[in-house]
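Summary of structural features
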Amino acid sequence: MADQPVFLSNDVVARFLSYDELIPRLEEVLGKFSRGNSSDVVQPVRCVIPIHNHSGFLGLMPAYIAHEDTLCTKMVAFYRREENVNLPSTQATVLLFNPEYGNVTAVMDGLDITHKRTAAVSAISAKVMDGLDITHKRTAAVSAISAKLLMPAQSDVLCILGCGHQAVSHYEIFTKLFSFKEVRVCSRRLETAERFAAGVQGPVKVLSSAKEAVHGADIIITVTNSSKPVLFGEWVKPGAHIVAVGACRPDWRELDDVLMRDAVIYVDSREGAAVESGDIILSGAEVFAELGEVLNGTRPALRNKTTVFKSLGKFFPLRTGKIRFKE
Ligand SMILES: NC(=O)C1=CN([C@@H]2O[C@H](COP(=O)(O)OP(=O)(O)OC[C@H]3O[C@@H](n4cnc5c(N)ncnc54)[C@H](O)[C@@H]3O)[C@@H](O)[C@H]2O)C=CC1
Ligand SMILES: O=C(O)C1=NCCCC1
């Protein structure tokens, strides 16, 4: 008879999630996923149901990695919240299974508990920064992989549009991995951007207009919960790299048609993009490659062109070998 599953709170999970380990791990899984032989890394397009009464969605994200026998699923609820609503914008839980017996061995908090309590109003508290969770770290790490592959060789200016939770993890990893001369932020409300700037550890310039914020930027990260474009092709410096993290529903946008038409489009999963990305579906843009294909060397990284990485969220890097459970 199997033991009860263990519960791993965010602070325990966080100990296993250093960016130094996350990045190579995610590169490995992204590459395997894109190999075409789907029997090794199996990750179907997530199943998402609307939570009509609360303007939210629940996504189920199962994954099996055959060569290391890892079976898990993430369950994520996400909402488009107004900033003054004291409710979380994302909640996530990860279940880890014994693949042979099918029993659950671990339940992992996918979001920091402090974050859950304080989200929205004091979203960018120092505590959130200390306890960045699976969802925030994984998403930012994949974005950093896209930047490693696709941002211009000389990238001096980083701009982040949106100043919520993902902005924090993206700021953290991008300033850790790369050296920018200037980091700019802009959010829907000036006070949110100012609170962000006061909370992060490092220099950042707050701008009140997105157009001014992105002017001349070499890399632009959109981490908003907007359903309408926040970034327009005519503002973007030719050759820039855009990491588009929000707009994970087929009728939501962050990028306009001009940008989607003029840029070379990379995704985490072609299949997922065709079903979930409003920026791709509604603009009719063609996907050029998956990040995994670039990592595998089967598609090129066109660094000299304007590139967009449309992130949708996949590939959580759990490995049972790292955490030992009694079964
Ligand atoms: N691609 C992926 O793997 C993942 C995507 N997401 C998505 O990323 C987005 C951001 O997530 P969180 O940071 O957790 O959300 P959040 O709710 O904490 O922050 C959203 C931010 O966007 C800003 N914003 C909204 N409209 C804007 C506009 N027009 N211009 C500038 N800023 C604007 C808000 O002011 C807020 O600061 C959400 O859409 C979320 O669903 C979240 C997790 C993973
Ligand atoms: O991968 C995730 O986690 C999420 N993806 C899209 C929306 C919210 C969370």
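Calculation criteria
- Residues numbered from 1 in each chain as written.
- Chains lettered and ligands numbered in written order.
- Predicted model: local features only at pLDDT ≥ 70, side-chain atom pairs only at ≥ 80, totals over all residues.
- Heavy atoms only, no water.
- Helix = DSSP H or I, 4+ residues; strand = E, 2+ residues; numbered from the N terminus.
- Buried < 20%, exposed > 50% of the residue type's maximum accessible area, 1.4 Å probe, protein only.
- Near = heavy atom within 4 Å.
- Polar contact = N/O pair within 3.5 Å; in protein donor to acceptor, adjacent residues only side chain to side chain.
- Areas by Shrake-Rupley, 256 points an atom, 1.4 Å probe, with all protein chains shown as cover.
- Nonpolar A, V, L, I, M, F, W, Y, C, P; charged D, E, K, R; others polar.
- Contact = heavy atoms within 4.5 Å.
- Phe/Tyr/Trp six-rings, centres within 6.5 Å; stacked < 30°, edge-to-face > 60°.
- Lys NZ or Arg CZ within 6 Å of the ring centre and 35° of its normal.
- Salt bridge = Lys/Arg side-chain N within 4 Å of Asp/Glu carboxyl O.

Backbone geometry at Ser55 places phi at a positive 50 degrees, although glycine is not the residue there. Looking at the secondary structure, you find Ser55 in the loop between β3 (47-51) and β4 (56-65). Here Ala247, not a glycine, exhibits a phi torsion of approximately 50 degrees, which is positive. With respect to the helices and strands, Ala247 occurs in the loop between β12 (241-244) and α9 (257-262). The exposure class of Ala247 is buried, given its relative accessible area of 2%.

Moving on, we get to the site of ligand 1. Around ligand 1 lies a shell of 25 residues, among which Glu83, His165, Gln166, Asn225 and Ser311 are the nearest. For ligand 1, an oxygen atom lies 3.4 Å from a polar atom in the backbone of Asn225. A distance of 3.1 Å is found between a nitrogen atom of ligand 1 and a backbone nitrogen or oxygen belonging to Val245. Protein chains shield 89% of the accessible area of ligand 1, which is 860 Å² for the free molecule. Going through the elements one at a time, α5 (134-150) and α6 (165-177) are the ones with two or more residues in the shell around ligand 1. At three residues, the largest contribution of residues to the shell around ligand 1 is made by α5. Its residues assigned to classes, the shell around ligand 1 shows six nonpolar, 16 polar and three charged.

A word on the environment of Gly162. Along the chain, Gly162 falls in the loop between β8 (157-161) and α6. Discounting residues that sit within four places of it in the chain, Gly162 has contacts with Ala167, Cys186, Ser187, Val223 and Thr224.

Our next topic: the packing of aromatic side chains. Applying the stated rule across the entire model yields eight aromatic pairs. Taken together, a centroid distance of 5.6 Å and an interplanar angle of 50 degrees make the contact between Phe174 and Phe178 tilted. With respect to burial, Phe174 and Phe178 carry one shared label: buried. An aromatic cluster is built from Phe57, Phe78 and Trp252, whose rings are joined through pairwise contacts. One Lys or Arg, Arg80, reaches over the ring of Trp252 and ends 5.6 Å from the middle of that ring.

It is worth spelling out the pattern of salt bridges at this point. Counted under the stated rule, the structure contains 14 salt bridges. Residues Lys148 and Glu27 are paired through a salt bridge, measuring 2.8 Å at the closest nitrogen-oxygen approach. You can see Lys148 sitting in helix α5 and its partner Glu27 sitting in helix α2 (residues 19-33), a full 121 residues away along the chain. When its relative accessible area of 36% is taken as the criterion, Lys148 is described as partly exposed. For Lys181, the salt bridge goes to Asp156, with nearest N and O atoms at 3.7 Å.

This brings us to the site of ligand 2. In the region of ligand 2, the neighbouring residues are Arg46, Met61, Lys74, Val76, Phe78, Thr135, Cys248, Leu312 and Gly313. At 3.1 Å, a side-chain N or O of Arg46 approaches a nitrogen atom of ligand 2. Coverage of ligand 2 by the protein chains reaches 89% of its 260 Å² of free accessible surface. In terms of residue class, the shell around ligand 2 is built from five nonpolar, two polar and two charged.

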